[in-house]
Amino acid sequence: MDKKWLEFSVGVFILVGLACLTYLSVSLGHLRLGHSTYEIKAVFSTVSGLKAKAPVAMAGVTIGEVQDIKLRDGQAQVILSIGNDIKLEDDSVASIRTSGIIGDKYISISPGASDNYITPGGTIRETRPPLDIEALISKFAFGSLDKEIKGTKPAPAE
Amino acid sequence: MVQLIRSLGAYGMREILSVGRMGIFFLYTMRGMFVAPGKFWPVVKHIEFIGTKSIFVIGFTAAFSGMVLGLQGYYTLSKFASEGLLGSAVALTLIRELGPVLTALMVSGRAGSAITAEIGIMRIEEQIDALDCMAIDPYAYMITPRFIACLIALPLLTAFCDVVGIFGGYAIGVDLLGVSAGAFWDGVYSSVVWKDVYMGIIKSAVFSVLIIWICTYKGFYSGVDEGSFGPEQVSRATTDAVVISSISILVSDYIITSIML
């Protein structure tokens, strides 16, 4: 076989293989090279069910992911990595939501109105814990949902 | 009775000897990477044989496995009205398991058997002894380039297999069965993480070492145990090589998955 042709075909093979590998790891595997994100912190009273790598979304658009979850002073400190092109006002509100009824937990950030932005390493002050669906259902089962929401004393269980 | 025990002992000793010989064979092959320079051209030639010529058969295997995954996945998922998960099902199955395993099995059948036969014939025609006589290290000359080539080619083929398979699943799921294209790709993108891809690469690297180690070893020592060097020994070595490497691929796949998952 012609040596040039052989070299050429091997080159094509390696290129095709590398292209597939790159596609798999960068595009599908979300492999990030270099730092295109910055980190901010958020403290929640509970994160029940939130996992690392969960998406962080604003208005339904994914802008980052949960880097790490730690316990700190009896509260959950969540470290979020946010894309460099996204700026968050320092009165933004972070809340833990569920996608669908039985879906995974994610963090939703609603924008604030302040002129100051959160710097890398900063903290989101306003957070809301997740809606506890199990507690909600159990309250619903006892028929005291309305009173609970209005802040009155729950009816005694019958 | 004594005869029986003796033959059992001889069998055990032969097996233990061959395990040790495989280890020494591996060490010599590794040493071959450093002794004789100028292995670039043989490596390219063997990548051509192991990789480039396998690309069609791997493409076919991948396309049809992806398509059948799309079909099976669709009919299972449609019972739960969650056809949208088809993308994740196809992509995860291919990247984690089927891609590396199918590629390794096809390569061991297509290239591994040929390598064993080639080296086995060199052995029975005393070409290996001739190399020894000329003071050419047969490991560095014959085995090491194949080792390197297989280590390069198999992960690349696996990546190719994964991508083709996902598109095969897409063709059946989206074009034929009417899953929404957006849901399919969102499933693929959101469920596959870097760890899955990484695990697939590790697996295919381990498989490539196993395939090429077993196949070259079996060829290199074909007929040595029997003490006779004929076509029969080469055919037996080839069969052994394919069977043993296929089994060790499947066994090591389980072990790697249980360690890494």
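As shown above, the structure is provided for reference.
If you're wondering where the values come from, they're calculated on a predicted model, not measured in any experiment.

Trainee: Could you give an account of the overall build of chain A, naming the residues involved and the relevant values?
Mentor: Assigned secondary structure in chain A consists of 3 helices and 8 strands. From first element to last, N terminus to C terminus, chain A shows the α and β order α-β-β-β-β-β-β-β-β-α-α. Counting every position in chain A, which comprises 158 residues, the buried fraction comes to 32%. Nonlocal contacts in chain A, meaning residues at least 24 apart in sequence, comprise 60% of its contacts between residues at least 6 apart. Only carbon and sulfur atoms are counted for the fraction: they give 58% of the accessible area of chain A, which is about 10,300 Å².

Trainee: Requested: an account of the interface of chain B and chain A, with residues and values cited.
Mentor: Each side of the interface is counted separately: chain B has 26 residues, and chain A has 21 residues. On the chain B side of the interface with chain A, the three residues burying the most area are Trp41, Leu156 and Tyr189 of chain B, jointly 28% of the side's total. In this assembly, chain B and chain A are joined by 0 residue pairs in polar contact (both at pLDDT 80 or more). Residue assignment for the side of chain B that touches chain A shows that the elements contributing at least two residues are α2 (40-50), α6 (138-176), α7 (181-191) and α8 (194-220) of chain B.

Trainee: Quick one: what's the story with the packing of helix α1 (residues 3-28) of chain A against α2 of chain B, residue by residue and with numbers?
Mentor: Two numbers describe how α1 of chain A lies on α2 of chain B: the axes approach to 9 Å, and their chain directions differ by 65 degrees. Classified by the interaxial angle, the pair formed by α1 of chain A and α2 of chain B is roughly perpendicular. In this structure, α1 of chain A meets α2 of chain B at a crossing whose hand is left-handed. Contacts between α1 of chain A and α2 of chain B involve Lys3, Leu6, Glu7, Ser9, Val10, Phe13 and Ile14 of chain A from the former and Trp41, Val44, Lys45, Ile47 and Glu48 of chain B from the latter. The class makeup of the residues in the contact of α1 of chain A with α2 of chain B is 7 nonpolar, 1 polar and 4 charged.

Trainee: How would you summarise the packing of α8 of chain B against helix α9 (residues 231-260) of chain B if you had to cite specific residues and measurements?
Mentor: Residues and elements named next belong to chain B. Two numbers describe how α8 lies on α9: the axes approach to 9 Å, and their chain directions differ by 155 degrees. Relative to α9, the element α8 is oriented roughly antiparallel. You can see that α8 and α9 cross each other, and the crossing is right-handed. On the side of α8, the interface is formed by Lys195, Tyr198, Met199, Ile202, Lys203, Val206, Phe207, Leu210, Ile211, Ile214, Cys215 and Lys218, while α9 contributes Ala237, Asp240, Ala241, Ile244, Ser245, Ser248, Ile249, Ser252, Asp253, Ile256, Thr257 and Met260. Its residues placed into classes, the contact of α8 with α9 shows 15 nonpolar, 4 polar and 5 charged.

Calculation rules
- Residues numbered from 1 in each chain as written.
- Chains lettered and ligands numbered in written order.
- Predicted model: local features only at pLDDT ≥ 70, side-chain atom pairs only at ≥ 80, totals over all residues.
- Heavy atoms only, no water.
- Helix = DSSP H or I, 4+ residues; strand = E, 2+ residues; numbered from the N terminus.
- Buried < 20%, exposed > 50% of the residue type's maximum accessible area, 1.4 Å probe, protein only.
- Contact = heavy atoms within 4.5 Å.
- Areas by Shrake-Rupley, 256 points an atom, 1.4 Å probe, with all protein chains shown as cover.
- Buried area = accessible area lost by both parts, 1.4 Å probe.
- Polar contact = N/O pair within 3.5 Å; in protein donor to acceptor, adjacent residues only side chain to side chain.
- Axes fitted to C-alpha atoms, helices over the stretch in contact; angles between N-to-C directions.
- Parallel < 35°, antiparallel > 145°, perpendicular 65-115°, else oblique.
- Left-handed = near helix turned anticlockwise from the far one by under 90°.
- Nonpolar A, V, L, I, M, F, W, Y, C, P; charged D, E, K, R; others polar.

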